[in-house]
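One-letter residues, chain by chain:
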Amino acid sequence: MLRVTDMNPRETEGIAPNPDCIKGVVACQCELGREKLLTAPPYKKFSLIKDDEEKSRILTAPCTRETEQYKCPISHILVTFKSPLHPNEVFNKVFPSNTPIKYVKRKLAKLLSVSNNNLLLTKNRNVLKETSVLSELKTDTLGNLTVDVFTKDSEDFSLSTVPKDSYVHDLLQSVIPKKKTMAFIAIKFRVRNQNGIFTRSYHSIIKIHEIKKNLGGIFQVEPDNLVLLRGEHPLKDRMALLDLDYDKYGIVEVELLTKDNVQLSLDKLYRELPMNDVLTVMVPFGSTVKHINVEIFSEPIQKPFLGGYRNVHTGATYHHAFTQTPQKPEKLVSDDKTCRDTQTAEMREKIYDTAYSRATQMNTVHAYIPNVTDRILVPGKYETYDEMIARLNHDHYATIIQRAFRHHQFRQKVHRWLKECMERIARMKEEERLEREAMERRLRGDLITKTFPKTREDFDQLYSMVDRWKHAEIARISQLHSKGPKIAEFTLLLDKEVELLRCIEAYRIQVKEDSRKIKEKQFLEEISKPFAWYGRDGKLITMDTVETQKARKLKELYNSFLRDDMETNERIEILVDMKFALQEFRHPLAEEIINLLDRECDLLVRRCDQHQLDFLRRRITASLFQLIKTSELNSGVTKCKDIREYREMQNDRLYFCEMCHQVKLYKDFPLNAKISGFLVCTSCSWKDVNERSWVDMTPYKFILRAVQRDERKRKCWSSFAFVLQEKDIFFIVEKLWHSHSAISECRDLSELRLCRWHVDEDWSPWNCFLVTVQEMKAHLRLERPEDVYDEELVQKVQNKHKLAKANFEQLMSVNKRFTESGDWPAIRAPAVARTKAVDII
């Protein structure tokens, strides 16, 4: 139970004046209205009074004394921001009166998302200084301030976009302190290892050692033996309760224990309870606050035991019932009494209402009943049920309601149909846009690969372009009639073709050389990189070994030798340094490099130019790189992936190439569904121009990706689309379908797609249909294409499927064998479906 014995008079000062003191006196004008200022600031007196006397007095409202001696200050100002460019936009914000203009600008710039240096605040066409304070500016009669907002570079801003919080909320947030000061604080003690909880109230200025002293007197223990914990941290003795983190109701939870684990007697807590207590309560009464004294009587009862159980470990007793409600007094047997109470009859008045209406008559002159409120009721014409139904006409009004409701339903349906139609049109436009962007991106990529080729597929495109150009020129020249011009044109055509092929091959060699240099640089960086790992604290730890230091030294020698921006003297010094650095290696390759370095020095002394030394430097570079790759001289190369390929070759399948006579891995041989063995590797087959024709595989690769994307969306991981290669798609499109659509005879490869013939079956070479993109969208909606297309087209498609089965007979047999044995799911690993990351084509 809490007892309030001391009230600070300053806590209620300025909240509301005393209503008794404003009678006959001019009311204070500092109340800016309840809507603007909920709590008025304290009043300050501007008179010459000594400091001691002024401190000893209690500040009172000015209405109790002469109003001329006081000045009503304004602690907060409502600032209204306006934009002359947008007169209809206004923003209000409450600021303390001592706020500088620079902080107002900073707050407004943050709300408007405008630079602080770009913002200007003006009043009466005068720019406000950043050092000035809001209280120095001239306000209106209500204490409000209006400011115009500009920007230096005429940047557009909108005051209406700022979230408009209530200025009363802003005022409360600025006036109300973050932590409310409490006069008394209730401490909720939790006794460790006893499962006991009790609460006591103390003044907020009391120290922790005083609380220990009070508890020590209650529990009959030494105060130094008590320990108060707050979140597993002991409270210091000189700490006040104000320093604790209490909640808004002034309640703090603290854990209590003893140093020697002595059991505290909790029965001694509430023995000496006060019989009464007085609390002072502040009650709002209109615009004022009244202080009312409330007296509390405490009459503790003896808690009866109606059954329960006791915890043998903690000693706590638990009752089954009757915890808080007081016990009813027992009924006593009435004794014979001879007193006033037994001889006095108790009179009671009761009002009875009859169960039904009945007539009453009064035939006497002593009763008067006025008839002023009486009404005369005349019965009207009797109306039958049919007449009432005809008068109400429910059918007519029900028809009107039904018609209106059906019209409403029809409007809703039309609105829903229109919405679905607009969504469908928007979706179709979006799909068209995505298709167009995908086509533009594809053409842009083809143009980049043709302009800057890097891979073999890119050079295949160039060679294919030259081949198509040559055949077009041969067809054009063949139309000439005279023999002489034909020979001359063919001669010029041959020269142009040779020149084009020579330029392409020179560029290919240059790209290959650049790729080789990049690989060498990566190799040198990898072997000279120190070992790194993360320690227990998460920090990166690096370690340089002897091998990495030697590899780094060789890399520096190699890079210095490759430099070509040095003078002759500097070049000779570098060559001499390399010679002395290589003398520590006892290897025939090192001796050969030293001899080559001596030869270059002799040629430099004889003033040979750069062109004459080019071949010699290439030889030295190749020998030096070979020296670095030698594991006998540089053991750090063993951690490079290129050097450890022999392990992969030992554990994997190897095949013999009949052209280059080398043993290579199976991944170095071309794959397609029609091969019967690994005979020629990929490099030899690409270099053998006589055995192959220059074909651009880019459109066929795109067709294969489109088929795989569609099968991935349908969750058909057992489709043959994930087995076939680009060459197989080239064979299907070129040899079986003759590179044109089966419906419209379109020959544009960028528009052709290989879709399913029967939509409900997996894609395969004998279940495909070569059509354009628009034709594919219409075909995929058919359940049975044989019922839609004519017999001639259906027969032609079936013939194509028979040819596909004949050419891919090996694939059919493998599929049949693994399907019947049940091993096919284990061989075909399910791919990861990424339908959302695939462009809609």
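These figures come from a predicted structure and were not determined experimentally. (Residues numbered from 1 in each chain as written. Predicted model: local features only at pLDDT ≥ 70, side-chain atom pairs only at ≥ 80, totals over all residues. Heavy atoms only, no water.)

What follows deals with a negative patch on the surface. On the surface, Glu567, Glu570, Glu573 and Asp577 cluster together into a patch of negative charge. With respect to the secondary-structure elements, glutamate 570 resides in helix α11 (residues 568-582). On the basis of relative accessible area, glutamate 570 is assigned to the partly exposed category, the value being 40%. (Patch = residues over 30% accessible without salt bridge, like charges linked within 9 Å, V, L, I, M, F, W, Y side chains within 5 Å. Areas by Shrake-Rupley, 256 points an atom, 1.4 Å probe, with all protein chains shown as cover. Salt bridge = Lys/Arg side-chain N within 4 Å of Asp/Glu carboxyl O. Lys, Arg positive; Asp, Glu negative; His and termini not counted. Charge placed at Lys NZ, Arg CZ, Asp CG, Glu CD. Helix = DSSP H or I, 4+ residues; strand = E, 2+ residues; numbered from the N terminus. Buried < 20%, exposed > 50% of the residue type's maximum accessible area, 1.4 Å probe, protein only.)

Attention now moves to the sheet that holds strand β11 (residues 251-258). Strand order in the open sheet formed by four strands is β9-β8-β11-β10, and the pairing between neighbours is mixed. Looking at strand neighbours, the two that pair on one side only are β9 (196-203) and β10 (226-229), the edges of this open sheet. Geometrically, the sheet is characterised by an average inter-axis angle of 35° between neighbouring strands, direction not taken into account. Against the sheet, helix α4 (residues 208-219) engages β8 (184-191), β9, β10 and β11, with an angle of about 130° to β9. (Pairing = 2+ DSSP bridges. Axes fitted to C-alpha atoms, helices over the stretch in contact; angles between N-to-C directions. Contact = heavy atoms within 4.5 Å.)

This next bit is on unusual backbone geometry. With glycine set apart, most residues show a phi of negative sign, and most peptide bonds adopt trans. With phi around 65°, glutamate 232 is a residue other than glycine that occupies positive phi space. Note that glutamate 232 resides in the loop between β10 and β11. Overall, glutamate 232 belongs to the exposed group, its relative accessible area being 59%. Backbone geometry at asparagine 261 places phi at a positive 55°, although glycine is not the residue there.

Counted by the stated rule, this structure contains 29 salt bridges. Here glutamate 253 makes a salt bridge to arginine 190, at a shortest N to O gap of 3.8 Å. Taken as a pair, glutamate 253 in strand β11 and arginine 190 in strand β8 lie far apart in primary sequence, 63 residues in all. Exposure remark for glutamate 253: the relative accessible area of 41% places this residue in the partly exposed category. With its nearest N and O atoms 2.6 Å apart, the salt bridge here joins arginine 476 to glutamate 473.

Moving on, we come to the packing of aromatic side chains. The description of an aromatic ring pair rests on the distance of the ring centres and on the angle between the ring planes. Applying the stated criterion across every chain, the model contains 13 aromatic pairs. Ring geometry for phenylalanine 459 versus tyrosine 507: centroids 6.4 Å apart, planes at 50°, classification tilted. Here phenylalanine 459 is found in helix α8 (residues 456-478), whereas its partner tyrosine 507 is found in helix α9 (residues 483-527), with 48 residues between them in sequence. Taking the relative accessible area as the measure of exposure, phenylalanine 459 reaches 3% and is therefore buried. (Phe/Tyr/Trp six-rings, centres within 6.5 Å; stacked < 30°, edge-to-face > 60°.)

Before going further, it helps to examine the packing of α8 against α9. Here α8 crosses α9 at 175°, and the two axes come no closer than 11 Å. In terms of orientation, α8 lies roughly antiparallel with respect to α9. A breakdown of the residues in the contact of α8 with α9 according to their chemical character gives 14 nonpolar, one polar and nine charged. (Parallel < 35°, antiparallel > 145°, perpendicular 65-115°, else oblique. Nonpolar A, V, L, I, M, F, W, Y, C, P; charged D, E, K, R; others polar.)

Turning next to helix α6 (residues 385-392). Given 3.6 residues per helical turn, the α-helix brings residues three or four places apart onto the same face. With zero of its eight residues buried, α6 lies for the most part at the surface. Positive phi shows up at asparagine 393, right after α6, with a value of about 55°.

Next up on the list: the confidence of the model for the protein chain. The predicted coordinates ought not to be read in detail in places where the model reports low pLDDT. Of the residues in the protein chain, 72% reach a pLDDT of 70 or more, and the chain-wide mean stands at 76. The secondary-structure element of the protein chain with the lowest mean pLDDT is strand β1 (residues 44-45), recorded at 38, while helix α7 (residues 394-451) shows the highest, at 92. Confidence drops under pLDDT 50 across residues 1-72; counting only partners more than four residues distant or on other chains, this segment forms 96 contacts. Note on residues 829-841: pLDDT is under 50 here. Beyond four places in sequence and across chains, it has 19 contacts. (pLDDT = per-residue confidence, 0-100.)

On to the nonpolar core. Judged by nonpolar contacts, the single largest core of 35 residues is most densely connected at Ile729, Ile732, Trp737, Leu754, Trp763 and Phe769. Listing elements by their share of this core, those giving two or more residues are α16 (698-713), α17 (726-736), β20 (752-756), β21 (768-772) and α19 (791-807). Take this core: its biggest share by element is six residues, from α17. Contacts of isoleucine 729, omitting those with residues within four sequence positions, involve Tyr700, Ile703, Leu704, Leu724, Leu754 and Trp763. (Core = buried A, V, L, I, M, F, W, Y, C linked by side-chain atoms within 4.5 Å.)

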